[in-house]
Amino acid sequence: MNTSLAGQTTSRSEERKRKYREIDLKGREQLRVERLAKKDPESLKRAIVEQRVRERLEGSPVACDLLISLFATALFSYRRGTVCEPFPHEFSDRQGEKDYASAEVYTQALPSIEHFQKHQGAITNLPASALKLLSWIIDLPYYEELDLEQISLDQYREETMNIDSKQSKYSDPAYVFKVTYTEQHPTFPIFEKAKAEFGSTMGFHGSPFENFHSILRNGLDATFGKETSLFGDGIYLSSDRDVAFSFLKNAKNFAKNSALGDRLGCLVCAEVACKPQVVRLSPQEANIRNLSDNADPELPRGYIVVGENEYVCIKYILLYKNFGTFTEQGNSPFCHVLQKRRIAFCQFSFCHLYAY
């Protein structure tokens, strides 16, 4: 009798273990959240944040690494008062004073993406401030009404064949990320309406790597570089990726545990809604795109100048890693080609790209 009961108990125990193993990690996490909802509201809030962070890290690990790298590099920049915007509320007081020192400590202490992938409890073990910081950095759909995902270079080439036909081997990126705006994004309805009415074109924009935290979250800004804009105020782009690449300025990656590389640089591939009087194109570009109302005879070939932020929509971020600066590459054949091109295109007219 006792042997039979023991056998039944063992059988029930094995059955429970089997059923538990069948519940995947997300299912277990959901059960934990439901239990916390009944017991501890504060713990429930944390559990929800943990779940969102876990989903982001699992779904877009390389994109998360880039977002951390962008924020860390902006945070450690001597221009952080400008380029590290937006700034996480967790490290700001009610008067708007920013606690950069604490943000630096928690940012540098964030584990690598690989560590999160290998250790299921890594997110749960994060201090509250570190978890909130990580969530704010990587959860773009929740905080910024946009999303970032890694795509292959082949997919990028296929999607941009008509706008990036050169496919230069010199300026092919190490990683490509696709940017998607939700309908709730504040600029989305303005851009889409203008695009439907006036058509659109694409352009590339180079800038120091430290600027891209703000560029991604706030968009390209027409107010930067007013003093150095040779052809008037606005956001400067080029239809030629190699031209924008020659103005790319890399920087040290201050994300301590990033797997992306020690020195990084970015280009933006953006779509421009060609509203006349707001968007100016070089005559050649206007002719190619059949947009005669946007032609500006003063602009050199390939130039695109946009006077208002709402008419530029970032589509792709091209990431370059572990390469020298333009000056450091000065002896390479490609560098000499770019130097000649920069002179031909008026070197200082693209200074705006350095400031955004």
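Residues numbered from 1 in each chain as written. Predicted model: local features only at pLDDT ≥ 70, side-chain atom pairs only at ≥ 80, totals over all residues. Heavy atoms only, no water.

> So what about the packing of aromatic side chains? Which residues, and what values?
When we look at a pair of aromatic rings, we describe it by the centre distance and by the angle of the planes. Within the structure shown, the criterion is met by nine aromatic pairs. Consider the rings of F87 and Y100, whose centres lie 5.2 Å apart with planes at 70°: the pair is edge-to-face. Placement of F87 in the loop between α5 (80–83) and α6 (100–109) and of Y100 in helix α6 is noted, with a sequence separation of 13 residues between them. What makes Y100 buried here is its relative accessible area of 18%. The ring of Y100 carries R80 above its face, with NZ or CZ at 4.2 Å from the centroid. Directly above the aromatic system of W136 lies the positively charged group of R217, at a separation of 4.5 Å from the ring centroid. (Phe/Tyr/Trp six-rings, centres within 6.5 Å; stacked < 30°, edge-to-face > 60°. Helix = DSSP H or I, 4+ residues; strand = E, 2+ residues; numbered from the N terminus. Buried < 20%, exposed > 50% of the residue type's maximum accessible area, 1.4 Å probe, protein only. Lys NZ or Arg CZ within 6 Å of the ring centre and 35° of its normal.)

> Which residues make up the pattern of salt bridges, and what are the values?
This structure, assessed with the given rule, holds 16 salt bridges. In this structure, the salt-bridge partner of D154 is R157, at a minimum N-O distance of 3.7 Å. With D154 and R157 both in helix α10 (residues 153–159) and three residues apart, this pair spans about one turn of that helix. Using a relative accessible area of 54% as the deciding quantity, one classes D154 as exposed. Measuring nitrogen to oxygen at the nearest pair gives 2.6 Å for the salt bridge that ties D172 to R157. (Salt bridge = Lys/Arg side-chain N within 4 Å of Asp/Glu carboxyl O.)

> Give a description of the nonpolar core that names residues and reports values.
Core analysis: the biggest nonpolar cluster contains 71 residues, and I137, I138, L148, L216, V306 and L319 have the highest contact counts within it. If one sorts the elements of this core by residue count, helix α4 (residues 61–75) sits on top with ten residues. I137 has contacts with L67, I68, F71, L110 and R217, leaving out every residue within four places of it along the chain. Within the second largest apolar cluster, 14 residues are counted, among which are Y156, L248, C269 and Y320. (Core = buried A, V, L, I, M, F, W, Y, C linked by side-chain atoms within 4.5 Å. Contact = heavy atoms within 4.5 Å.)

> Can you explain the environment of Y181? Please cite residues and give values.
Among the structural elements, Y181 can be located in strand β2 (residues 175–181). Residue classification places Y181 among the buried positions, given a relative accessible area of 14%. Counting along the chain gives 34 residues from Y181 to D147, while the straight-line C-alpha distance between them is 6.4 Å. If sequence neighbours within four positions are ignored, Y181 has contacts with E145, L146, F188, C313 and I314. Looking at Y181, its side chain comes within polar contact range of the main-chain nitrogen of I314, at 3.3 Å. (Polar contact = N/O pair within 3.5 Å; in protein donor to acceptor, adjacent residues only side chain to side chain.)

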